[in-house]
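Chain by chain, the residues:
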Amino acid sequence: MKAIVTTGPRPADDPRALEERELPLPAPGPGDLRVRVEAVSVNPVDTKLRRAPLPAGADHRVLGYDAAGVVDAVGGDVRGFAPGDRVYYAGDVTRPGSNAEYQLVDARIVARAPASMDAAQAAALPLTALTAWELMFQRMPFSIEGGGTGRTLLVIGAAGGVGSMAIQLGRLAGFRVIATASRPETQAWCHELGAHHVIDHRQPLQSGLQALGFDAVDVALNLADTDRYWDALGELLAPQGHVGLIVEPAGPLRIGDPYKAKCIGIHWEFMFARSRFGTRDIAEQGRILARVAELVDAGRLRGTLTETLSPISATTLCEAHQRLESGRSIGKLVVAGW
């Protein structure tokens, strides 16, 4: 099968950053699906691992942590899936990724793709939907069914992939959603997804919120820069509020006052934790994706795909990596078709 691989840490504009290679067709293990990949999305984890050294003893790594495709074969212990099923999933950073014609994936972290979406639209959803859902409804003590009623939610970096899902899930849960975005096009995108208010994160958050009549917020998702907004959020969060984080800080975080005095809950989300550590509740990811597909097909969630490149190749994926690293992307960028 054809695969797109990285052979060592290189910048995205290096002609050898990603290379095409022929690899053996993998045989599914007892709990695996083998999926014929039709579309992949590019995420920050792809660019991070492209820049990282290869694992010890490896001469290549297959990236790709969002995919939609068709089940080609199933392992002997798999129930609920059959060849021909249209599926979507985010995968597992400890296994070869989706930038290949065929991929093995644990059936427990897979769900049938939304019937109302094509492969490119479906491939844009899994990693970001899982990240936002786990952070808001599993790491934090809220429910999608009215858990945000009467509460305010601040989403920093809201025009990106995770933020685009967080706005929508926050609205479904009943939060008053305040998004941050700095450009006219990203501000318009946040309003389109359902944000009640949008403020410019290049300006002090406190002044932006006060201009809207808010002295404090109940929940904040910092999806952009953990260090930059840490002190400001400590002041802005209400007592017994919650802060959600997905970006590793550059330095130590001071978690004393006001975080301690206010009893602010600090919640980390790493979508690959369940698959990486083989947690007992790993199948929860398949269930979340199945619920997301239901909400999409019911018209309660919308897709976040903004652009599709084609075909899936080293050249096209390098272009996608460069666009993502520019920091100016909106929603999700997908690469589709071989």
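As a reminder, the structure under discussion sits directly above these lines.
A quick note: this is a predicted structure, and the numbers were derived from the prediction, not measured.

Here is what the cut-offs are and how they apply
- Residues numbered from 1 in each chain as written.
- Predicted model: local features only at pLDDT ≥ 70, side-chain atom pairs only at ≥ 80, totals over all residues.
- Heavy atoms only, no water.
- Pairing = 2+ DSSP bridges.
- Helix = DSSP H or I, 4+ residues; strand = E, 2+ residues; numbered from the N terminus.
- Axes fitted to C-alpha atoms, helices over the stretch in contact; angles between N-to-C directions.
- Buried < 20%, exposed > 50% of the residue type's maximum accessible area, 1.4 Å probe, protein only.
- Contact = heavy atoms within 4.5 Å.
- Phe/Tyr/Trp six-rings, centres within 6.5 Å; stacked < 30°, edge-to-face > 60°.
- Core = buried A, V, L, I, M, F, W, Y, C linked by side-chain atoms within 4.5 Å.
- Bend = angle between axes of the 7 residues up to and from the residue.

1. Here's the deal with the sheet that holds strand β9 (residues 152-156)
Ordered in space as β11-β10-β9-β12-β13-β14, the six strands form an open sheet in which the pairing is parallel. Looking at which strands have only one partner, the edges of the open sheet turn out to be β11 (197-199) and β14 (265-268). Mean inter-strand twist for the sheet, computed between neighbouring axes without regard to direction, equals 20°. Bridge analysis of strand β10 (residues 176-180) against β11 gives three bridges, and the strand direction is parallel. Counted as the bridge partner of Ile-178 is His-197 from β11.

2. Some thoughts on the environment of Leu-212
Of note, Leu-212 is situated in helix α6 (residues 205-212). Owing to a relative accessible area of 34%, Leu-212 belongs among the partly exposed residues under this scheme. Remark: the alpha-carbon pair of Leu-212 and His-197, spanning 15 residues in sequence, is separated by 8.1 Å. Residue contacts for Leu-212: discarding those within four places in its chain leaves Ile-178, His-197 and Ile-199.

3. Notes on the pairing of strand β5 (residues 67-74)
Across the eight residues that make up β5, a large majority, six, are buried. Relative to β5, strand β3 (residues 32-41) is paired through seven bridges, and the arrangement is antiparallel. Within β5, the residue paired with Val-35 across the bridge is Val-71.

4. Points about the environment of Val-87
For Val-87, the position within the fold is in strand β6 (residues 86-89). The buried category is assigned to Val-87, whose relative accessible area is 0%. Excluding its chain neighbours within four sequence positions, the residues that come into contact with Val-87 are Val-35, Ala-67, Ala-68, Gly-69, Val-71, Phe-81, Val-110, Ala-111, Arg-112 and Ala-113.

5. Notes on the packing of aromatic side chains
All told, the structure shown has five aromatic pairs when counted by the stated rule. With a centroid separation of 4.2 Å and 10° between ring planes, the pair formed by Trp-230 and Tyr-259 is classed as stacked. On the criterion of sequence distance, the pair formed by Trp-230 in helix α7 (residues 226-236) and Tyr-259 in helix α8 (residues 259-262) is long-range, its members being 29 residues apart. Relative accessible area serves as the criterion here: at 3%, Trp-230 is assigned to the buried category. On the basis of relative accessibility, which here comes to 3%, the residue Tyr-259 falls in the buried class. Summarising the aromatic geometry, the rings of Phe-270 and Phe-272 are spaced 5.7 Å apart at their centres and angled 65° between planes, so their arrangement reads as edge-to-face. Residue class for Phe-270 comes out partly exposed when judged on its relative accessible area of 39%. Note on Phe-272: relative accessible area 3%, which makes it buried. Grouping aromatic residues by their ring pairs yields a cluster made of Tyr-65, Phe-270 and Phe-272.

6. Points about the nonpolar core
Residues Leu-33, Tyr-88, Cys-190 and Leu-221 are the most contacted members of the largest nonpolar core, which totals 89 residues. In terms of residue count, the dominant contributor to this core is helix α3 (residues 126-139) (eight residues). Every residue in contact with Leu-33, bar those within four places of it in the chain, is listed here: Val-71, Ala-73, Val-74, Val-78, Phe-81, Gln-103, Leu-104, Val-105, Ala-107 and Val-110. Membership of the second largest hydrophobic core comes to 18 residues, among which are Ile-178, Leu-233, Leu-236 and Leu-237.

7. Regarding α3
At Trp-133, α3 shows its strongest bend, of approximately 25°. Where burial is concerned, most of α3 is hidden: 12 out of the 14 residues are buried. For α3, every residue scored as buried is listed here: Pro-126, Leu-127, Thr-128, Ala-129, Leu-130, Thr-131, Ala-132, Trp-133, Glu-134, Leu-135, Met-136 and Phe-137.

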